[in-house]
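# Overview (structure and organization)
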Amino acid sequence: MRLMNLLNSDSFSIIVEMKPPKGVDVSDFLLTAKKLKWDVSGFLVPDMSQAVLWMSALGASFLLASKGFPVIMEMGCRDRNRLALQADLLSAAACGIENILVSGGVETRYGDHPEAATVADLGVMELVSAAAGLEKGRDMSGGEIKGSPRFFLGAELSAGVSEKDLDREMAAMEKKLDAGVRFFVTTPVFDAQKLAPFMDLARKRSAKILPRVVMLRSLGMARYIQRHMEHIHLPEETIARLMASGDRERECARITAETINAMEELGSAGVILETFGSESRVPEVLSLRRELLAASGEDGAGREESSWGKYRTA
């Protein structure tokens, strides 16, 4: 089943972010995807996230797609000009990759190559427009292309914003919907209540929302997020739970499972599970999620959980 059909169904999608390899040995990358394929709906391949060098999102996405794994390829505006961006869009379509998450990208000064030049020839809206143009058979210069690609475009939005910024985010969503964006990935969410007003408005616009759920690995990681990432709200209660726990790794997994369930209760189409390299712990999180649902007597808010085992890409 294509992502477009999946997000429009009654299924709740769990999509795992899979960082590409840092090098050309792809064996662990593909083995991890193979181990997870029966439990998740697909994989999101980031485009040199945090401005750190990895294999390109296009290359890694093709590796997954060629093995039959559903994939969303992130395409950032930071590193390539309009020629390269359009070329990569055409290459992705020719390789059978139609799900594209358009993003701006973190500034290079925060990454492992701070001296790298930022290109940013196109903004997010311009890249969305370029993709729409290619679908109509024309490139950005008006030139005709042979064969029209098909894309299912996504974009990012800030989640859990203050009330005064909510209207601004909704206006940005409206513009992106009008331009051809069909799903949205939020900034990381730890507090469902902070996201509730955002989700209420998004539902009225029939927008498909995939909140990012970060899988915490330690108390130190939680404290770092709380202290240094101003755009992410991590409740003090989460810190207290980890401090009091005798098994902090297990508690991190439980918090992640609870957050996923809370996102489903809010009516999101699914989640992006961001693992920061801890993909091996995803089965534990999903097992805890099922235990929590069973204990509460719920079945996923009345929606079937989707997995690769039930749905195939068209």
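Residues numbered from 1 in each chain as written. Predicted model: local features only at pLDDT ≥ 70, side-chain atom pairs only at ≥ 80, totals over all residues. Heavy atoms only, no water.

Moving on, we get to the pattern of salt bridges. Side chains that differ in sign of charge can pair as their charged atoms come close. For the structure on display, the rule yields 21 salt bridges. We note a salt bridge from R78 to D79, for which the minimum N-O separation is 2.8 Å. Of the residues examined, R78 reaches a relative accessible area of 6% and is grouped as buried. On the accessibility criterion, D79 (25% relative accessible area) is partly exposed. The network of salt bridges with shared partners includes E17, K19, E156, R212 and E274. (Salt bridge = Lys/Arg side-chain N within 4 Å of Asp/Glu carboxyl O. Buried < 20%, exposed > 50% of the residue type's maximum accessible area, 1.4 Å probe, protein only.)

Time to look at the sheet that holds strand β4 (residues 99-103). Sheet strands pair by backbone hydrogen bonding; their relative direction is either parallel or antiparallel. Taking strand neighbours around the barrel as the criterion, the 8 strands line up as β1-β2-β3-β4-β5-β6-β7-β8 in a closed arrangement whose pairing is parallel. Between one strand and the next, the sheet's axes are offset by a mean angle of 25 degrees, whatever the strand orientation. Looking at chain direction, strand β5 (residues 152-157) and strand β6 (residues 181-188) are connected through 5 bridges and run parallel. Each residue of the ladder has a partner; that of L157, found in β6, is T186. In the packing of helix α6 (residues 163-179) onto the sheet, contacts are made with β5, β6 and β7 (208-214), and the angle to β6 comes to roughly 145 degrees. The strands touched by helix α7 (residues 192-204) within the sheet are β5, β6 and β7, with β7 carrying the most contacts at an inclination of about 160 degrees. (Pairing = 2+ DSSP bridges. Helix = DSSP H or I, 4+ residues; strand = E, 2+ residues; numbered from the N terminus. Axes fitted to C-alpha atoms, helices over the stretch in contact; angles between N-to-C directions. Contact = heavy atoms within 4.5 Å.)

Of all hydrophobic cores here, the largest spans 68 residues; its most connected members are F43, L64, I100, M173, F184, F198 and M263. Setting aside residues up to four positions removed in sequence, I100 forms contacts with I72, M73, M75, L89, A92, F151, F152, L153, G154 and F183. If you look at the next biggest cluster of nonpolar residues, it comprises 13 residues, including V214, L234, C252 and I255. (Core = buried A, V, L, I, M, F, W, Y, C linked by side-chain atoms within 4.5 Å.)

On average, residues of the protein chain score 89 in pLDDT, and 94% of them are at 70 or above. Mean pLDDT across the secondary structure elements of the protein chain bottoms out at helix α1 (residues 3-7), with 79, and peaks at helix α4 (residues 82-94), with 97. A low-confidence stretch, residues 308-314 stays under pLDDT 50, and its non-local contacts, those more than four residues away or across chains, total 24 contacts. (pLDDT = per-residue confidence, 0-100.)

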